[in-house]
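Report on the structure
Chain by chain, the residues:
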Amino acid sequence: VAIWSRLGAQDATPVASRLALPQTPLRVIALRAQPADERHAALLLAFERATTGFGWSRRTRSALAGNTVYTVLPGAAAEPARTWVSGLSAALPEPVTVLAGVSGPATVPELALARGEADECLALHEVRRHGPAPVYDESWDDILLQRLRIAAQSGRAPQRGPVAELRAHDRAHATLYAATLRAWLEAQGDLAAAGQQLGVHENTVRYRLRRMTDVTTLDLDEPRKRLAMMIELAAAGDELSETDNPM
């Protein structure tokens, strides 16, 4: 583990040589395994499965750090990494749940960065708890939005401003102004597309936008204001439907 943890440092190349890692693109996989009642036993079982094989004949190199198994897998493509995770999961007993994240392709000096990417993908999978393991170069946008949501949940979201005021109005009056604004912004101002996303007629979208101006100042003609509102609404995520519209 001590040798493995030095990957990505300035002396990463000799360390990688000691681990017999190829000088080709690599993927870092971070995974956790647990049933509800025996987390450590499940993690050790996953680690044992990840290291199955004889010596350097295994293509992967794995280490157990805290409550996470890290594995370096040769290859630039994402699918073999997903297949590896699926194979490990299938080989474990039925109660064990495997959650994982896969980094983008990395060279040996980039492995420390790749480990951070794998950690963030794992955190995203732990939030979703379904579907295949997220891969960083395919899910970087979801990871960025997850960072924003975490910041918002820690009390760093604006408490005033157009989006906050629309959300407060939605909570007080069971309107759908925040969700409508998000749909309109995502549709880049296309009323018909926004209406289709919301399941309403475009005239309903137009009416709601007009009524929003009675609640707050939107400045929809200002590109920077639109961008800021899109970011704030994206950070809110599913909360728009879960908390803003109790009815």
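Residues numbered from 1 in each chain as written. Predicted model: local features only at pLDDT ≥ 70, side-chain atom pairs only at ≥ 80, totals over all residues. Heavy atoms only, no water.

Packing of helix α9 (residues 191-198) against helix α10 (residues 202-212) brings their axes to within 7 Å, and their N-to-C directions diverge by 100°. It follows that α9 is roughly perpendicular to α10 by the angle criterion. Side by side, α9 and α10 meet where L191, A192, A194, G195 and L198 of the first sit next to E202, V205, R206, R208 and L209 of the second. Across the contact of α9 with α10, the residue classes break down as six nonpolar, one polar and three charged. (Axes fitted to C-alpha atoms, helices over the stretch in contact; angles between N-to-C directions. Helix = DSSP H or I, 4+ residues; strand = E, 2+ residues; numbered from the N terminus. Parallel < 35°, antiparallel > 145°, perpendicular 65-115°, else oblique. Contact = heavy atoms within 4.5 Å. Nonpolar A, V, L, I, M, F, W, Y, C, P; charged D, E, K, R; others polar.)

Right, let's get into helix α11 (residues 223-236). Counted at 1.5 Å a residue, the expected span for α11 with its 14 residues is 20 Å, and the 20 Å between its end C-alpha atoms agrees. Those residues of α11 that sit buried are M229, L233, A235 and A236. End-on, the buried residues of α11 take up no more than an arc of 155°, which puts them together on one face. Turned more than 90 degrees away from the buried face of α11 sit P223, R224 and L227, all of them exposed. A positive phi of about 55° marks G237, the residue just after α11. (Expected span 1.5 Å × (residues − 1). Buried < 20%, exposed > 50% of the residue type's maximum accessible area, 1.4 Å probe, protein only. Arc of directions from axis to C-beta.)

Right, let's get into the packing of aromatic side chains. For any two aromatic rings, the description comes down to two numbers: the centre-to-centre distance and the angle of the planes. Taken as a whole and assessed by the stated rule, the structure comprises zero aromatic pairs. Above the face of the Y70 ring, R115 is positioned so that its terminal group lies 4.1 Å from the ring centre. (Phe/Tyr/Trp six-rings, centres within 6.5 Å; stacked < 30°, edge-to-face > 60°. Lys NZ or Arg CZ within 6 Å of the ring centre and 35° of its normal.)

On to the confidence of the model for the protein chain, then. Per-residue pLDDT for the protein chain has a mean of 81; in total, 75% of the residues score no lower than 70. In the model, residues 53-58 has pLDDT below 50 throughout and makes nine contacts with residues more than four positions away in sequence or in other chains. (pLDDT = per-residue confidence, 0-100.)

Structurally, the position occupied by E138 is in helix α6 (residues 136-156). Note on E138: relative accessible area 44%, which makes it partly exposed. In this structure the C-alpha to C-alpha distance between E138 and S103, which are 35 residues apart in sequence, comes to 9.7 Å. If near-sequence neighbours (up to four positions away) are discounted, E138 is found in contact with A78 and R82.

Right, let's get into the packing of helix α8 (residues 177-186) against α11. Closest axis-to-axis distance for the α8/α11 pair is 10 Å, and the angle between their directions is 120°. What the angle tells us is that α8 and α11 run oblique. Once α8 is placed against α11, the crossing between them reads as left-handed. Contact residues: α8 offers A178, L181, R182, W184 and L185, while α11 offers R226, M229, M230 and L233. Residue composition of the contact of α8 with α11, by class: seven nonpolar, no polar and two charged. (Left-handed = near helix turned anticlockwise from the far one by under 90°.)

Further remarks concern unusual backbone geometry. Despite not being glycine, Q188 shows a phi value in the positive range, around 55°. Using a relative accessible area of 76% as the deciding quantity, one classes Q188 as exposed.

Within the secondary structure, E117 sits in helix α5 (residues 111-128). For E117, which is buried and forms no salt bridge, the nearest opposite charge comes from R27, at a distance of 6.9 Å. A distance of 3.0 Å separates a polar atom in the side chain of E117 from the backbone nitrogen of G104. What E117 contacts, discounting residues up to four positions off in sequence, is S103, G104 and Y136. (Lys, Arg positive; Asp, Glu negative; His and termini not counted. Salt bridge = Lys/Arg side-chain N within 4 Å of Asp/Glu carboxyl O. Polar contact = N/O pair within 3.5 Å; in protein donor to acceptor, adjacent residues only side chain to side chain.)

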